[in-house]
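Spelled out, the chains give:
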Amino acid sequence: MSQSSAAHPRRLQPGERPDLVADVVVVGCGAAGASAAIAAAEAGASVIVLEAASAGGGTTAMAGGLIYMGCGTPVQTACGFSDTPEDMYEYLIRASGPNADPERVRLYVDGSLRHYDWLLAQGMVFKHEYYPKKNTNTPGDQCLIYTGNEACTGFAEYAAPVPRGHKGQAMGEGGGSMLMEKLIASATARGVRILCDMRARSAILDDEGQVVGVVARSEGRDITVAARRGVVLCAGGFIMNTDMVSRHAPWLQHHTTLNGNPNDDGSGIRIGLGAGGASMNMNEGFVCLPFYPPASFVEAIMVDSRGQRFINEDCYHGRMGEAILKRYPERHFMIVDAGHMGDFNRPPLGGFNVTATGDTVEELEAELGMAPDTLAHTIRVYNRHAREGGDPLFRKHADYVRPLEGPYAACEVTPGSGAFFPVFTLGGLRARATGEVLDEEGNAIAGLFSAGRNSCGLPRSGAGYSSGMSIGDATFFGRLAGQSAAQSPVRTMPASA
Ligand SMILES: Cc1cc2nc3c(=O)[nH]c(=O)nc-3n(C[C@H](O)[C@H](O)[C@H](O)COP(=O)(O)OP(=O)(O)OC[C@H]3O[C@@H](n4cnc5c(N)ncnc54)[C@H](O)[C@@H]3O)c2cc1C
């Protein structure tokens, strides 16, 4: 047997008999892989899922479990919100940034209500309850919450704001593990074989360059798994691979917390590249600075080391995190006032690093080492407009605008100062929305599909990311990739050994 690696796929040997055979072989059992497996089985394919860990779940099981859905889901309607495909499309196009894929966004929007029903069919329960405050997730088992910039400047002008983050009925951050339990149970009930402690190492190609299986490592030996119709790579992103992150997205490494499961090492991306696939969007990542809850901190202002504001502070914490990390090593501070002092008893995720205090802005400014009348000028102007009920400079929503009165404190939110900046990657294999992996020329590689963070999917911009877009994408486009693989023509393969 010739030596293979992700970069050097195995060639099918004449007369070779694989150890295992299925119509569709899925690599990875997170949201994308489980959804692909269920969809392929629903389409009549025999399915094997190879999972490197000892149990399925992946990063999805660590997640809060928010799923971005809209167009008038039963939860939105029951909670009094009306949503339209036009508004959801406009929002997602802007949220996707310069690399937006209109065809993918259109499919996602038009299929959103069917996707909601599909999740119900997998056993998910969505409580008809809205959580109205600004938060990173619903704290109880409420379902619906604003999880992005829908009500903020730059978005609300183009699409009527409406909450689209849906969490299955689970307490707090338990939504991801609950989703994975349901998906794995559904896949198993459909006859999908989920084989754990099986790490895919490389693709197997036939003489025409078609992908006909994978080599996987199990109990210290390589086994060959043949795919009669297709291999679906759903092995997650590459945030835990420091070499890949420093080559493709070095800005994500400035004192951040690499946020994923240990197998988010890009192996699925590298297997796809080895088989001839192209990658895209590899420099992009989601960065979060969870400076709320409590929502009262949205009334604070964020300034740089010159005492200048740079953003509407009511934006989603991912947009804030991205803006600050992109300006690294510039120092940044959240300026709070007397009205916030009671909130220090319940600091936001990651805690606070109070760097300076002052009875007056001038004292605070001096303690921070800022030039005289820089921060003081910023607060004077902010307060003047706040008294008139607005923020003409950055258009922070009026709900969060009030004059800031002393005494003041500055909490440092510079990466490396103790502030919490979890990050994950948004780049991966170039693929059609229907899952086919594409090469540098844009041609589909026969037999190879991908979804979830293994590919470049719906979420493409840290600045526009909204919670729920990744799991929404992984489940939705995982299904499409599984269907596409199941409907691919059968290739002539040797029988199982
Ligand atoms: C703390 C946290 C909270 C989050 N909250 C949300 C949220 O609320 N909503 C949201 O949309 N997103 C959220 N995200 C992001 C989201 O969870 C992930 O981006 C998404 O779940 C990725 O799904 P996936 O199926 O692509 O990958 P995963 O769920 O990571 O699944 C990939 C699987 O592949 C396996 N694998 C890897 N390599 C191999 C290999 N070579 N062979 C076999 N198996 C392999 C892994 O072990 C893993 O089980 C959160 C992320 C974190 C870290």
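None of the values given here were measured: they were computed from a predicted structure.

Conventions and cut-offs
Residues numbered from 1 in each chain as written. Predicted model: local features only at pLDDT ≥ 70, side-chain atom pairs only at ≥ 80, totals over all residues. Heavy atoms only, no water. Helix = DSSP H or I, 4+ residues; strand = E, 2+ residues; numbered from the N terminus. Buried < 20%, exposed > 50% of the residue type's maximum accessible area, 1.4 Å probe, protein only. Contact = heavy atoms within 4.5 Å. Near = heavy atom within 4 Å. Polar contact = N/O pair within 3.5 Å; in protein donor to acceptor, adjacent residues only side chain to side chain. Areas by Shrake-Rupley, 256 points an atom, 1.4 Å probe, with all protein chains shown as cover. Nonpolar A, V, L, I, M, F, W, Y, C, P; charged D, E, K, R; others polar. Domains from an automatic or database assignment. Buried area = accessible area lost by both parts, 1.4 Å probe. Phe/Tyr/Trp six-rings, centres within 6.5 Å; stacked < 30°, edge-to-face > 60°. Pairing = 2+ DSSP bridges. Right-handed = clockwise from strand over helix to strand, strands pointing away. Expected span 1.5 Å × (residues − 1). Axes fitted to C-alpha atoms, helices over the stretch in contact; angles between N-to-C directions.

**Student:** Can you help me understand the environment of Ala22 in this one?
**Tutor:** Considering the arrangement of structural elements, one finds Ala22 in strand β2 (residues 20-27). Judged by relative accessible area, which is 1%, Ala22 ranks as buried. The spatial distance from the C-alpha of Ala22 to the C-alpha of Ala95 is 38 Å, given a sequence separation of 73 residues. Leave out the neighbours within four places in its chain, and Ala22 touches Ser46, Val47, Ile48, Ala226, Ala227 and Arg228.

**Student:** Just checking my understanding: could you explain the site of the ligand for this structure?
**Tutor:** Residues in contact with the ligand amount to 37 residues; listed here are only the nearest, Glu51, Thr60, Ala200, Ser470 and Ile471. For the ligand, a nitrogen atom lies 3.0 Å from a polar atom in the backbone of Ala52. Between the ligand and Arg453, the relevant distance is 2.9 Å, taken from an oxygen atom to a main-chain nitrogen or oxygen of the residue. If the ligand stood free it would expose 1000 Å²; the protein chains cover 93% of that surface. Ranked by residue count, the leading element in the shell around the ligand is helix α2 (residues 58-62), at 4 residues. Taken together, the residues that form the shell around the ligand break down as 17 nonpolar, 16 polar and 4 charged.

**Student:** Even after reading the chapter, I still don't get the domain arrangement of the protein chain, so can you show me in this structure?
**Tutor:** Size of an interface: often given as the accessible area lost when the parts come together. Annotation of the protein chain at the domain level lists domain 1 (1-287 + 424-497) and domain 2 (295-412). The C-alpha centroid of domain 2 is placed 37 Å from the C-alpha centroid of domain 1. Across the contact, 23 residues belong to domain 1 and 18 residues belong to domain 2. Surface buried jointly by domain 1 and domain 2 totals about 1700 Å² across both partners, of which 63% is contributed by carbon and sulfur atoms. The tally of links between domain 1 and domain 2 comes to 5 residue pairs in polar contact (both at pLDDT 80 or more). Its residues placed into classes, the side of domain 1 that touches domain 2 shows 9 nonpolar, 12 polar and 2 charged.

**Student:** Teacher, can you tell me more about the packing of aromatic side chains here?
**Tutor:** All told, the structure shown has 12 aromatic pairs when counted by the stated rule. Here the aromatic rings of Phe286 and Tyr465 are separated by 4.5 Å at their centres, their planes lie at 45°, and the arrangement is tilted. Here Tyr465 lies in the loop between β21 (444-450) and α13 (469-486) and Phe286 lies in strand β13 (residues 285-287), a separation of 179 residues in the sequence. Neither residue differs from the other here; Phe286 and Tyr465 are each classed as buried. Consider the rings of Phe476 and Phe477, whose centres lie 4.8 Å apart with planes at 70°: the pair is edge-to-face. As far as the burial class goes, Phe476 and Phe477 line up, both buried.

**Student:** Hey, could you run me through the pairing of strand β3 (residues 47-50) in this one?
**Tutor:** A regular strand places its side chains so that they alternate between the two faces of the sheet. Burial along β3 is two-sided: the residues Val47 and Val49 and Ile48 and Leu50 are all buried. As judged from the 4 bridges shared by β2 and β3, these two strands associate in the parallel manner. Along β3, the bridge assignment pairs Val24 with Val47. This β-α-β element, β2 to helix α1 (residues 31-42) to β3, shows right-handed connectivity. Two strands pair when backbone bridges link them, and β3 and strand β7 (residues 193-195) are joined in this way by 3 bridges, in the parallel orientation. Bridge pairing in β7 links Val49 to Ile194.

**Student:** Sorry, what's going on with helix α12 (residues 375-387) here?
**Tutor:** Think of an α-helix as 3.6 residues a turn; residues three or four steps apart then line up on the same face. In this model α12 runs 18 Å from its N-terminal to its C-terminal C-alpha over 13 residues, within 8% of the 18 Å that 1.5 Å per residue would give. Buried residues along α12 sit in contact with β14 (301-304), β15 (332-336), α11 (361-367) and β17 (408-412). In the stretch just after α12, Gly389 is the one whose phi turns positive, near 85°.

**Student:** I keep staring at the sheet that holds β15 and nothing clicks. Help me out?
**Tutor:** Working definition: the strands of a sheet are paired by backbone hydrogen bonds and lie parallel or antiparallel to each other. The strand order across the open sheet formed by 4 strands is β14-β15-β17-β16, and the pairing between neighbours is antiparallel. The sheet terminates laterally at β14 and β16 (354-358), the two strands that pair on one side only. In this sheet, adjacent strand axes meet at a mean angle of 25° when their direction is disregarded. Examined bridge by bridge, β16 and β17 share 4 bridges and lie antiparallel to one another. In the strand pairing of β17, Gly358 is matched with Tyr408. Packing against the sheet, α12 makes contact with β14, β15 and β17, and its axis sits at approximately 150° to β14.

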